[in-house]
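Okay, here's what each chain looks like letter by letter:
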Amino acid sequence: NAGVTQTPKFRILKIGQSMTLQCTQDMNHNYMYWYRQDPGMGLKLIYYSVGAGITDKGEVPNGYNVSRSTTEDFPLRLELAAPSQTSVYFCATQLTTGGRNEQYFGPGTRLTVT
Amino acid sequence: SQKIEQNSEALNIQEGKTATLTCNYTNYSPAYLQWYRQDPGRGPVFLLLIRENEKEKRKERLKVTFDTTLKQSLFHITASQPADSATYLCALEETGGFKTIFGAGTRLFVKA
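Below you will find a few notes about this structure. (Residues numbered from 1 in each chain as written. Chains lettered and ligands numbered in written order. Predicted model: local features only at pLDDT ≥ 70, side-chain atom pairs only at ≥ 80, totals over all residues. Heavy atoms only, no water.)

Observations concerning the side chain of D84 of chain B
All names here are of chain B.
- Looking at where D84 falls in the secondary structure, it is placed in the loop between strand 8 (72-77) and strand 9 (86-94).
- Judged by its relative accessible area of 7%, D84 is buried.
- Contact partners of D84, with chain neighbours within four places excluded, come to R37, R61, I77, L108 and V110. (Helix = DSSP H or I, 4+ residues; strand = E, 2+ residues; numbered from the N terminus. Buried < 20%, exposed > 50% of the residue type's maximum accessible area, 1.4 Å probe, protein only. Contact = heavy atoms within 4.5 Å.)

Details of the pattern of salt bridges
- Throughout the structure, instances matching the rule amount to eight salt bridges over all chains.
- The closest approach of N and O atoms between R77 of chain A and E79 of chain A, which form a salt bridge, is 3.1 Å.
- Classification of R77 of chain A by relative accessible area gives partly exposed; the value is 32%.
- The salt bridge involving K57 of chain B is made with E54 of chain B; its shortest N-O contact spans 3.7 Å.
- With a relative accessible area of 28%, K57 of chain B lands in the partly exposed category. (Salt bridge = Lys/Arg side-chain N within 4 Å of Asp/Glu carboxyl O.)

Section: unusual backbone geometry
Residue and element names in this part refer to chain A.
- Residue T7 is joined to P8 through a cis peptide bond whose omega torsion reads -5°.
- Mapping P8 onto the fold places it in the loop between strand 1 (4-7) and strand 2 (10-13).
- Despite not being glycine, N28 shows a phi value in the positive range, around 60°.
- Tracing the chain through its elements places N28 in the loop between strand 3 (19-25) and strand 4 (31-37).
- On the basis of relative accessibility, which here comes to 58%, the residue N28 falls in the exposed class.

Focus: the state of the cysteines
- Taken as a whole, this structure holds two disulfides over all chains when the rule is applied.
- Between the sulfur atoms of C23 of chain A and its disulfide mate C91 of chain A the distance is 1.9 Å. Given an S-S torsion of about -70°, the disulfide between C23 of chain A and C91 of chain A has left-handed geometry. Pair noted here: C23 of chain A is in strand 3 and C91 of chain A is in strand 9 (residues 87-94), with a separation of 68 residues, a long-range link.
- For C23 of chain A, a relative accessible area of 0% corresponds to the buried category.
- Between C23 of chain B and C90 of chain B runs a disulfide, and the two sulfur atoms are separated by 2.0 Å. Judged by the sign of its S-S torsion, about 60°, the bond between C23 of chain B and C90 of chain B is right-handed. On the criterion of sequence distance, the pair formed by C23 of chain B in strand 3 (residues 19-26) and C90 of chain B in strand 9 is long-range, its members being 67 residues apart. C90 of chain B carries the same exposure label as C23 of chain B, and that label is buried. (Disulfide = S-S within 2.5 Å.)

Observations concerning the interface of chain B and chain A
- On the chain A side, the residues contacting the 19 residues of chain B number 21 residues.
- Across the chain B to chain A interface the summed buried area is about 1500 Å²; carbon plus sulfur atoms make up 54%.
- By the criterion of area lost to chain A, the three top residues of chain B are F98, K99 and F102 of chain B, representing 33% of everything that side buries.
- Linking chain B with chain A are zero salt bridges, by the criterion used here.
- Viewed at the interface, chain A and chain B are joined by three residue pairs in polar contact (both at pLDDT 80 or more).
- Of all elements in the fold, only strand 4 (30-38), strand 5 (45-51), strand 9 and strand 10 (100-102) of chain B reach the threshold of two or more residues within the side of chain B that touches chain A. (Buried area = accessible area lost by both parts, 1.4 Å probe. Polar contact = N/O pair within 3.5 Å; in protein donor to acceptor, adjacent residues only side chain to side chain.)

As structure tokens, this is what we get:
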């Protein structure tokens, strides 16, 4: 049981390049989230999904896109990378049934855009 | 405006003492509040959840209180150990909401 896995762990992008951050979970959780965390700041929600085929914007969605074709996978796409997207990105899952609401986080992807 | 605030200054305490961290919120009506631990270079790890109708929750050396009148949660670590050194995040979710709002966290250092 791997929990939440994210790839890659690190990446350096040039301005204008694109990439996809991968997130996979094996816990059969219905909710999935993408956050970014800048130094000294809290986690900011980028996008979230309440189930396969359903996604919605969070607090800071501009410059990103997501899809959720399966329960397990929730990739985050960056188009036309900008220096402002330099951050650490965390994927998280949540099981919203049974009265338990905690989130389970992946190890993060550290992205630098230069 | 809506805010969730934690003390941005690091908390330094001596081993064996009780660490108390504060989380204040404004213009939210949380259904529940959670506390997470985050170590450098890692994702947050869930510690405790307390619901709006609960005053206090305990788990081993951890205790959380929730005062909806003061709009505040306190997180206590008793008999602290150097291994407790980490950043602690509070997070809330409103009734009927799909999103969890995180505070920026408070860094705790426990000295031996």
